[in-house]
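# Survey of secondary and tertiary structure
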Amino acid sequence: IIMNTHGFITVKQQIVEMTVQYGDQLHAMWMHIFEPKTCDEFLLRLRDHVETFYMDLLTESQEKQQTILGEIARLRTEASGLKELLHKSTDIYERPNDSPLVIQQSELNKSIERLREELASRRAEISELLQQQTQLCEELDEVPLSLSEDPLPPPEEMDAFRDHLAKLRDQRVERLKEMDQLRDSIRINMKTLEPVPITDSEIHLLCQDNHSTKQEVLKQLRDTQKKYAHQVQELHEQIDTMRQKIEVLWTRLPDTDESAKRRVRDAKAYTQGTFDVLLKELLRCQAIRSKNMRTYIEQLRAEIKVWWDLTLKSPEERRLFTAYFADSDSEDILELHELELDGLKDFYKSNKKLFELYAHRAELWTRIEALEAKANDPNRFNNRGGQLLKEEKDRKAISAKLPKIEQQIMDLVSVYVSQANTPFLVFGEDIRKSMALDWEQLRQPKQQPSVGKKQELSVTVNKIIPRLEPLKLKLQKKETSSSLRKTPRNPANANS
């Protein structure tokens, strides 16, 4: 320190001497060149330059000092973070009053290096704890809980980790409880399905002395419970299906065995016993049906005719069901009729809204055709009174309703076509084409077009269907009267 002080004094004297020497030379030169006033100005400038030079040096030194202080602060912050991670209160290096900043920086680096080594040691300890947990979890057949090694977990997380181990023990108790419940459910379902064949593995699985809590055992129990629950559900569905079939057969068969009906109606529980009772009655009714095959088939044909009418089937579509016109009476013919009837019912129920809209549209279309006929009547102005005004109001009301109904129809048809990948037919014709033809024919002159005109009209309609607005359904008057209002008495007329 003494040598540093002596060196500073020497250099300081040298700087002062250089300043005096160069100052004198500059002043003498300026006096020789300039007027006194200008020399004074230059001296003031020289003073300012010297002051600026020292200020710049001072600023640079202050910045360097701040840089080192910042690094020291950063090191102290890192040290504080490491202490926090390590949950330590050890003091770090504190510099003496006369210690240079660079010395403090170096000593701090050494202190932090020791903390870093301790941090690595702690992480190695956590790794060992995780290995111990892995072993424990393997015994419980559970997924281990993660424990962070970087950054180190705080004390709360370590406590939570210990709580997790306690929860694993509780989970074992809950798993045993679930397994007992699954075993009870399996036994109940097996009793419902009695007699049920059981394997040796299932006997071992259902044994109360089997206390294994492995995931594999739990999965087997869940799968077994699911299997028998599914069988019970199937039993429920089979009982419901048989009961429905029996009810239908009772309505169609001439035989009325009240005792048999009572046995069926008293069998309400969903058990194997109920299944056996219903199966016996179903077989009995089917045997009676076989003896009265002709009558039963005729009843089915009458129902099919009704559903053909409801689903607006054309004569050509009806003739596709050739079994309807067969003379033979056999189980195959009977089954084909039942399948046809079920298919018609499903088709109608699936598109009930569309058929209802079609019927409503048909009524409105009939009315608008009647109004057009009256409008084209040469004598429409004779003695009509307020009838003309009423007809005009009806026309406006129908014109307001039709576009909305047609739009709903087209929306439903679009959904149907996208799902079924086939056109929706009414009387054997694409409903969209039929509605388009209705409008084209309504716009034609009153006289009937020639055959060539009709063909040209059909081609034109096919081109404009995608952009026609509004679109309407075609209603054939003969089909309407038979389809929507009447049920034929004679099934032989089904192809008319």
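Below, the structure is looked at part by part. Just so you know, these numbers come straight off a predicted model, no measurement behind them.

### Focus: the overall build of the protein chain
Of the regular secondary structure elements, the protein chain holds 16 helices and two strands. Per-residue burial over the protein chain gives 30% buried out of 496 residues. Of the contacts formed within the protein chain by residues at least 6 apart in sequence, a portion of 73% connects residues at least 24 apart. Surface exposure of the protein chain reaches about 32,200 Å², of which carbon and sulfur atoms provide 54%.

### Describing the layout of surface pockets
Here the second largest pocket defines a volume of roughly 410 Å³. Taken together, 15 residues line the second largest pocket, and the ones lying closest to its centre are K245, V248, R252, E338 and D342. Residue contributions to the lining of the second largest pocket peak at six residues, all from helix α6 (residues 215-252). Of the residues that constitute the lining of the second largest pocket, the class distribution is six nonpolar, three polar and six charged.

### Looking at the pattern of salt bridges
One pass over the full model with this rule turns up 28 salt bridges. One salt bridge connects E78 with R116, and the closest N-O pair in it is separated by 2.7 Å. A residue pair is termed long-range when its members are at least 10 positions apart, and E78 in helix α2 (residues 36-86) and R116 in helix α3 (residues 101-140) qualify at 38 residues. Under the relative-accessibility criterion, E78 is labelled partly exposed at 23%.

### What about the packing of α2 against α3?
Look at α2 against α3: their axes get within 9 Å of each other, and the N-to-C directions meet at 20 degrees. Classified by the angle between their axes, α2 and α3 sit roughly parallel to one another. By crossing handedness, the relation of α2 to α3 is classed as left-handed. Of the residues in α3, those in contact with Q65, I68, L69, E71, I72, L75, R76, E78, A79, L82, K83 and L86 of α2 are L101, V102, Q104, Q105, L108, N109, I112, L115, R116, E118, L119 and R122. For the contact of α2 with α3, the residue count by class is 13 nonpolar, four polar and seven charged.

### Looking at the packing of aromatic side chains
For the structure on display, the rule yields 15 aromatic pairs. With a centroid separation of 5.0 Å and an interplanar angle of 90 degrees, the aromatic rings of Y416 and F424 are classed as edge-to-face. By relative accessible area, which is 1% here, F424 ends up buried. Joined through ring pairs, the aromatic side chains of W307, F347, Y348, F355, Y416 and F424 make up one cluster. Residue placement shows R301 over the ring face of Y324; its charged tip is 5.7 Å from the ring centre. Here the basic side chain of K313 rests over the ring of F347, its NZ or CZ set 4.7 Å away from the ring centre.

### A short note on the nonpolar core
Of all hydrophobic cores here, the largest spans 64 residues; its most connected members are L221, I304, L402, I409, F424, V426 and I431. Looking at this core element by element, the count peaks at eleven residues for α6. What I304 contacts, discounting residues up to four positions off in sequence, is F321, Y324, H337, E340, L341 and L344. Counting residues in each nonpolar core, the second largest holds 21 residues, with L108, L115, L140 and M158 among its members.

### Considerations on the side chain of R183
Secondary-structure assignment places R183 in helix α4 (residues 155-192). Take R183: its relative accessible area is 2%, and that puts it in the buried class. When neighbours within four sequence positions are excluded, R183 is seen to be in contact with L205, L206, C207, N210 and L221.

### Overview of a nonpolar patch on the surface
Together, V11, I15, M18, Y22, V50, F53, Y54 and L57 give the surface a local cluster of nonpolar side chains, amounting to about 710 Å² of exposed area. Tracing the sequence through the fold places V50 in helix α2.

### Brief notes about the environment of E237
When you line up the elements, E237 lands in helix α6. Residues E237 and Y270, 33 residues apart in the sequence, show an inter-C-alpha distance of 9.4 Å.

### Topic: the packing of helix α12 (residues 352-375) against helix α13 (residues 387-420)
For any two helices packed against each other, one specifies the crossing angle of their axes together with the interaxial distance. Contact geometry for α12 and α13: axes closest at 9 Å, N-to-C directions at 150 degrees. Viewed along their axes, α12 and α13 adopt a mutual orientation that is roughly antiparallel. In this structure, the crossing between α12 and α13 has a hand that is left-handed. For the contact of α12 with α13, the residue count by class is 14 nonpolar, three polar and ten charged.

Rules of the game
- Residues numbered from 1 in each chain as written.
- Predicted model: local features only at pLDDT ≥ 70, side-chain atom pairs only at ≥ 80, totals over all residues.
- Heavy atoms only, no water.
- Helix = DSSP H or I, 4+ residues; strand = E, 2+ residues; numbered from the N terminus.
- Buried < 20%, exposed > 50% of the residue type's maximum accessible area, 1.4 Å probe, protein only.
- Contact = heavy atoms within 4.5 Å.
- Areas by Shrake-Rupley, 256 points an atom, 1.4 Å probe, with all protein chains shown as cover.
- 1 Å grid on protein atoms, 1.4 Å probe; cavity = no way out; pocket = protein on both sides within 12 Å on 5 of 7 lines; lining within 4 Å.
- Points joined across faces, edges and corners; volume = space filled by probe spheres on them.
- Nonpolar A, V, L, I, M, F, W, Y, C, P; charged D, E, K, R; others polar.
- Salt bridge = Lys/Arg side-chain N within 4 Å of Asp/Glu carboxyl O.
- Axes fitted to C-alpha atoms, helices over the stretch in contact; angles between N-to-C directions.
- Parallel < 35°, antiparallel > 145°, perpendicular 65-115°, else oblique.
- Left-handed = near helix turned anticlockwise from the far one by under 90°.
- Phe/Tyr/Trp six-rings, centres within 6.5 Å; stacked < 30°, edge-to-face > 60°.
- Lys NZ or Arg CZ within 6 Å of the ring centre and 35° of its normal.
- Core = buried A, V, L, I, M, F, W, Y, C linked by side-chain atoms within 4.5 Å.
- Patch = residues over 30% accessible without salt bridge, like charges linked within 9 Å, V, L, I, M, F, W, Y side chains within 5 Å.

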